[in-house]
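Structural characterization, general
In case you want the letters, here they are:
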Amino acid sequence: MELKVSSLAERPDDHERAVAMADSWPEFVTRDLVGDYHYGRIAKEFPAFVLFAEDERGEVVATGFSVPFALGAEGRGHLPARGWDEVLLWAFADLRRGRRPDTVSAVAINVRPDLQGKGLSSRMLSAMRDNARAHGFGEVVAPVRPSAKHLEPRTPIEEYAHRVRPDGLPHDPWLRVHARAGATIEAVAPASMTVVGSLEQWRRWTGLPFDTPGDIEVPGALVPVRCEPEQGYAVYVEPNVWMRHPL
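How each quantity is defined
Residues numbered from 1 in each chain as written. Predicted model: local features only at pLDDT ≥ 70, side-chain atom pairs only at ≥ 80, totals over all residues. Heavy atoms only, no water. Helix = DSSP H or I, 4+ residues; strand = E, 2+ residues; numbered from the N terminus. Rg over C-alpha atoms; globule rule 2.2 N^0.38 Å. Buried < 20%, exposed > 50% of the residue type's maximum accessible area, 1.4 Å probe, protein only. Contact = heavy atoms within 4.5 Å. Areas by Shrake-Rupley, 256 points an atom, 1.4 Å probe, with all protein chains shown as cover. Phe/Tyr/Trp six-rings, centres within 6.5 Å; stacked < 30°, edge-to-face > 60°. Lys NZ or Arg CZ within 6 Å of the ring centre and 35° of its normal. Expected span 1.5 Å × (residues − 1). Bend = angle between axes of the 7 residues up to and from the residue. Core = buried A, V, L, I, M, F, W, Y, C linked by side-chain atoms within 4.5 Å. Pairing = 2+ DSSP bridges.

Each helix and strand in the protein was counted, giving seven helices and nine strands. In terms of C-alpha radius of gyration, the protein reaches 18 Å, essentially the compact-globule figure of 18 Å for 247 residues. Seen through its principal axes, the protein has C-alpha atoms that stretch 50 × 45 × 40 Å. Burial analysis of the protein (247 residues in total) assigns 51% to the buried set. For the protein, long-range pairs separated by at least 24 residues make up 71% of all intrachain contacts whose partners lie at least 6 apart in sequence. When the accessible surface of the protein is totalled, it reaches about 11800 Å², and 50% of it is carbon and sulfur.

Okay, the packing of aromatic side chains next. Scanning the entire structure with this criterion turns up nine aromatic pairs. Arranged with centres 5.1 Å apart and planes meeting at 70 degrees, the rings of tryptophan 202 and tryptophan 205 form a pair that is edge-to-face. One end of the pair, tryptophan 202, and the other, tryptophan 205, are both in helix 7 (residues 199–206), three residues apart, so they sit about a helical turn from each other. With respect to burial, tryptophan 202 and tryptophan 205 carry one shared label: buried. Feature note: the residues Phe28, Trp202, Trp205, Phe210 and Tyr236 constitute an aromatic cluster, connected by ring pairs. Over the ring of tyrosine 160 we find lysine 149, and its NZ or CZ is 6.0 Å from the ring centre.

Right, let's get into helix 2 (residues 33–45). The first and last C-alpha atoms of helix 2 sit 19 Å apart over 13 residues, in line with the 18 Å expected at 1.5 Å per residue. Of all the bends in helix 2, the greatest measures close to 25 degrees and is centred on tyrosine 39. Tucked into the core, helix 2 has its buried residues touching helix 1 (15–19), strand 2 (50–54), strand 3 (60–69), helix 3 (83–97) and strand 4 (103–111).

Our focus in this paragraph is the side chain of serine 105. Here serine 105 lies in strand 4. For serine 105, a relative accessible area of 0% translates into the label buried. Filtering out sequence-adjacent residues up to four positions away, serine 105 remains in contact with Ser66, Val67, Phe69, Val87, Val141, Pro143 and Trp242.

A positive phi angle is found at phenylalanine 210, which is not glycine, with a value near 45 degrees. Following the sequence through the fold, phenylalanine 210 ends up in the loop between helix 7 and strand 7 (214–216). Taking relative accessible area as the criterion, phenylalanine 210 reaches 2% and is therefore assigned buried.

All right, on to the nonpolar core then. Generally speaking, a soluble globular protein has its nonpolar side chains buried in company with each other. Formed by 49 residues in total, the largest nonpolar core has its most connected members in Phe28, Ile42, Leu88, Val107, Trp202, Phe210 and Tyr236. Take this core: its biggest share by element is six residues, from helix 3. Dropping the residues within four chain positions of it, phenylalanine 210 is found in contact with Leu199, Trp202, Arg203, Ile216, Val218, Val225, Cys227 and Ala234. In terms of nonpolar packing, the next biggest core, distinct from the first, is built from 23 residues, Ala62, Val144, Ala161 and Val188 among them.

Within strand 2, five of the five residues are buried, which leaves the element mostly enclosed by the surrounding structure. Where burial is concerned, the two faces of strand 2 agree: the one with Val50, Phe52 and Glu54 and the one with Leu51 and Ala53 are both buried. Judged from the four bridges that link them, strand 1 (residues 4–7) and strand 2 form a sheet pairing that is antiparallel. By the bridge assignment, serine 7 is partnered in strand 2 with leucine 51. The pairing of strand 2 with strand 3 spans five bridges and is classified as antiparallel. Across the sheet, alanine 53 pairs through a bridge with alanine 62, a residue of strand 3. The loop that links strand 2 with its antiparallel partner strand 3 comprises five residues; one of these, glycine 58, has a positive phi angle of about 85 degrees.

Have a look at this one:
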């Protein structure tokens with residue numbers, strides 16, 4: 001498939017087309033409060049770091065969202081345990097304060113559901129790396145959501161993240177794409193995203209009863225969701241894997 005990749009800074013009139021592309025995220029993942037507030041701002045406030053790919057017919061088939069931030073700022077220096085949530089907070093705080101960024105973090109690569117499995121995510125990752133390099137950055141980091149971890153929700157993330165195939169590449173397909181692009185695992189982000197909701201909300205998001213206490217396995221969740229019926233809520237704390245891409 002021939003792709004034309006552009007940024008929203010280059011083509012601001014295509015903002016709605018890019019952000020409206022269908023995706024396949026489980027609904028509960030979109031209920032993270034930090035992401036719910038900040039994700040929609042990325043296209044407007046960091047348009048140079050939002051990419052979209054069009055096919056030969058001009059249809060949007062994939063997008064790539066990233067944000068620049070100051071990893072070397074005082075009090076930072078290490079990729080945060082709160083992964084995806086924290087890097088969004090850092091990026092928008094840096095923008096507000098006029099702090100010069102030194103690193104780009106991937107936020108999300110989305111492929112139109114009917115075209116998944118055709119290598120588009122790898123091509124968008126490459127475009128994201130090229131875009132960061134073109135803006136003068138020497139590194140991209142990524143709080144990676146392992147794509148097959150949901151099949152093993154009770155496997156500890158440390159064990160899963162470092163599992164490799166005989167050829168030495170990661171066992172997980174999405175971690176493997178990053179490794180093939182030149183990234184290495186830096187650390188696990190054990191609390192990269194947190195979703196808290198009432199039992200009724202979780203029932204609506206998942207179609208499950210959420211009426212028993214303890215850990216509930218939810219389709220698409222990387223770890224079980226903790227259900228507390230007596231307290232009336234359930235909480236999901238998603239781990240991700242920090243990977244570093246030198247440019």
